[in-house]
Amino acid sequence: MELSGRSILLTGASGGIGRATAELLAREGARLTLFARRSGPLETLRSSIQSSGGTAIAVAGDVRSVPDAERAVALAVQSFGGLDAVVNNAGIGMLASLAEAADESVAELLDVNLLGTFRVTRAAYRALSERARSGARSVIVNVASFAGRVGVPYYSFYNASKFGLVGMTEAWRRELRPSGIDVVLLIPAAVETEFLARLDRGRALGLGPAGTVLTPERVAREIVGALRRPRPEVYIPRRNRWIGLLNVLSPRLADRIVNRLFRYPGRRT
Ligand SMILES: NC(=O)c1ccc[n+]([C@@H]2O[C@H](COP(=O)([O-])OP(=O)(O)OC[C@H]3O[C@@H](n4cnc5c(N)ncnc54)[C@H](OP(=O)(O)O)[C@@H]3O)[C@@H](O)[C@H]2O)c1
């Protein structure tokens, strides 16, 4: 998809991967609807895009709210005459052992990471398929995680949200392709953003050599590439696909590798 002039809705645009993606897409000439809860950072981003010659509107809202998701889509269509793509990037993290987990935190995680993507995509579906009917294919990019393919100690609830997202994305890819909508699954390793800063880093990365830590700009470049040339799955870095594959083919061997990659103080492997 040629990005110049295209109308793209980006969730989680107020920070991290979302902000880096918005900056890159604006330079490509896309017309952006920036969606997240915090209006301050969204507005700052919108005005910096505008003052560099780009086009963006900011919509403050929560992916846990159906009316907010519908309002974001309606404003994108009204402002830019339609919708060509959605990047479902909004997400939160949580690390907790089974014994520590609180019901509310687990419910919130699933509500944002899994159901939030569903709400925004359902709200966007009609506009995306109208665009596709006019002859131009439209695109959905879902930002999952390597944690959507491989379970790791303390990530179980985050794993559940992202494994769910991976399954939903795979089914949509097959369901929506005939309607002219390409669906891309993005599978990044850890990324240096506020998301990671908010987690206990010792638990997030372990003490082992798990630490491929990507920059948000690297992930943003992959999102832009996926919008241009949609592919079913994008692992970042690419080599992680082999661990993903091994995890399915030989869980026992994958246990050994994951336990070597992630080591925690005081925990026997
Ligand atoms: N960082 C990593 O290590 C990593 C690795 C793999 C995948 N990911 C995934 O990448 C995506 C982006 O993460 P990031 O690292 O860029 O994190 P981040 O810097 O914390 O940004 C998360 C974004 O999501 C938005 N958001 C959170 N809850 C929301 C809600 N209820 N409604 C609307 N927007 C919401 C936040 O904005 P507001 O707070 O303003 O709402 C923010 O813009 C997430 O889906 C995450 O799971 C991250």
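Residues numbered from 1 in each chain as written. Predicted model: local features only at pLDDT ≥ 70, side-chain atom pairs only at ≥ 80, totals over all residues.

*Asks:* I'd love a proper account of unusual backbone geometry, names of residues and values included.
*Replies:* Here the amide bond leading from Ile236 into Pro237 is cis, since omega sits at -10°, within 30 degrees of zero. As for its placement among the helices and strands, Pro237 is situated in the loop between strand E9 (233–236) and helix H9 (240–249). Non-glycine residue Tyr154 carries a positive phi angle of around 75°. Positionally, Tyr154 belongs in the loop between strand E5 (138–143) and helix H5 (156–176). The class for Tyr154 is buried, based on 23 C-beta atoms found within 10 Å. (Helix = DSSP H or I, 4+ residues; strand = E, 2+ residues; numbered from the N terminus. Buried ≥ 20, exposed ≤ 12 C-beta atoms within 10 Å, placed from the backbone.)

*Asks:* So what about the site of the ligand? Which residues, and what values?
*Replies:* Close to the ligand lie 29 residues; Gly12, Gly16, Arg37, Gly91 and Phe195 are nearest. Among the secondary structure elements, those contributing two or more residues to the shell around the ligand are helix H1 (16–27), helix H4 (103–133), strand E7 (190–191) and helix H6 (194–198). Residues belonging to the shell around the ligand are distributed by class as follows: 13 nonpolar, eleven polar and five charged. (Near = placed C-beta within 6 Å. Nonpolar A, V, L, I, M, F, W, Y, C, P; charged D, E, K, R; others polar.)

*Asks:* How would you explain the UniProt feature "domain: Ketoreductase" (unreviewed entry) in the protein if you had to name every residue and give the values?
*Replies:* Within this structure's numbering, the places UniProt gives as "domain: Ketoreductase" (unreviewed entry) are residues 6–149. Helix makes up 49% of residues 6–149 and strand makes up 19%, while its end C-alpha atoms are separated by 31 Å. (UniProt positions renumbered as here; feature names shortened; annotations may be inferred.)

*Asks:* So what's going on with the nonpolar core? Residues and values would help.
*Replies:* Among the nonpolar cores identified, the biggest contains 70 residues, and Leu9, Ala22, Leu32, Leu34, Val141 and Leu186 are the most heavily contacted of them. The contacts of Leu9, once residues within four sequence positions are left out, are Thr33, Phe35, Ala72, Val73, Ala76, Leu83, Val86 and Ala124. (Core = buried A, V, L, I, M, F, W, Y, C linked by C-beta atoms within 7 Å. Contact = placed C-beta atoms within 7 Å.)

*Asks:* Quick rundown of H5? Include the residues and the values.
*Replies:* Given a rise of 1.5 Å per residue, 21 residues ought to cover 30 Å, and the 29 Å separating the end C-alpha atoms of H5 matches this to within 8%. Along H5, the positions that sit buried rather than exposed are Phe157, Tyr158, Ser161, Lys162, Leu165, Val166 and Thr169. (Expected span 1.5 Å × (residues − 1).)

*Asks:* Break down the pairing of strand E1 (residues 7–11) for me, with residues and values.
*Replies:* Among the five residues of E1, five are classified as buried, and the element is accordingly described as predominantly covered. Burial along E1 is two-sided: the face carrying Ser7, Leu9 and Thr11 and the face carrying Ile8 and Leu10 are both buried. In the sheet, E1 pairs with strand E2 (residues 31–36) via five bridges, with the strands oriented parallel. By the bridge assignment for E2, Leu9 is matched with Thr33. (Pairing = 2+ DSSP bridges.)

*Asks:* For the packing of H1 against helix H8 (residues 216–228), give the residues involved together with the corresponding values.
*Replies:* Contact pair H1 / H8: the axes reach a minimum separation of 8 Å and the direction vectors enclose 55°. Taken as axis vectors, H1 and H8 run oblique relative to one another. Crossing hand, H1 versus H8: right-handed. In this structure, H1 contributes Gly16, Ile17, Ala20, Thr21, Leu24 and Leu25 to the contact, and H8 contributes Pro216, Glu217, Val219, Ala220, Arg221, Ile223 and Val224. For the contact of H1 with H8, a count of residues per class yields nine nonpolar, two polar and two charged. (Axes fitted to C-alpha atoms, helices over the stretch in contact; angles between N-to-C directions. Parallel < 35°, antiparallel > 145°, perpendicular 65-115°, else oblique. Left-handed = near helix turned anticlockwise from the far one by under 90°.)

*Asks:* Pulling in residues and values, what's your account of the packing of H9 against helix H10 (residues 251–261)?
*Replies:* Closest axis-to-axis distance for the H9/H10 pair is 6 Å, and the angle between their directions is 135°. Taken together, the axis directions place H9 and H10 in an arrangement best described as oblique. Packed against H9, whose contacting residues are Ile243, Leu246 and Asn247, the element H10 presents Pro251, Leu253, Ala254 and Ile257 at the interface. Along the lines of polarity and charge, the residues of the contact of H9 with H10 split into six nonpolar, one polar and no charged.

*Asks:* Run through the environment of Asp255, naming residues and quoting values.
*Replies:* Along the chain, Asp255 turns up in helix H10. In this structure Asp255 comes out as partly exposed when scored by C-beta crowding, with 13 C-beta atoms within 10 Å. For Asp255 and Asp182, which are 73 residues apart along the polypeptide, the C-alpha to C-alpha distance reads 34 Å.

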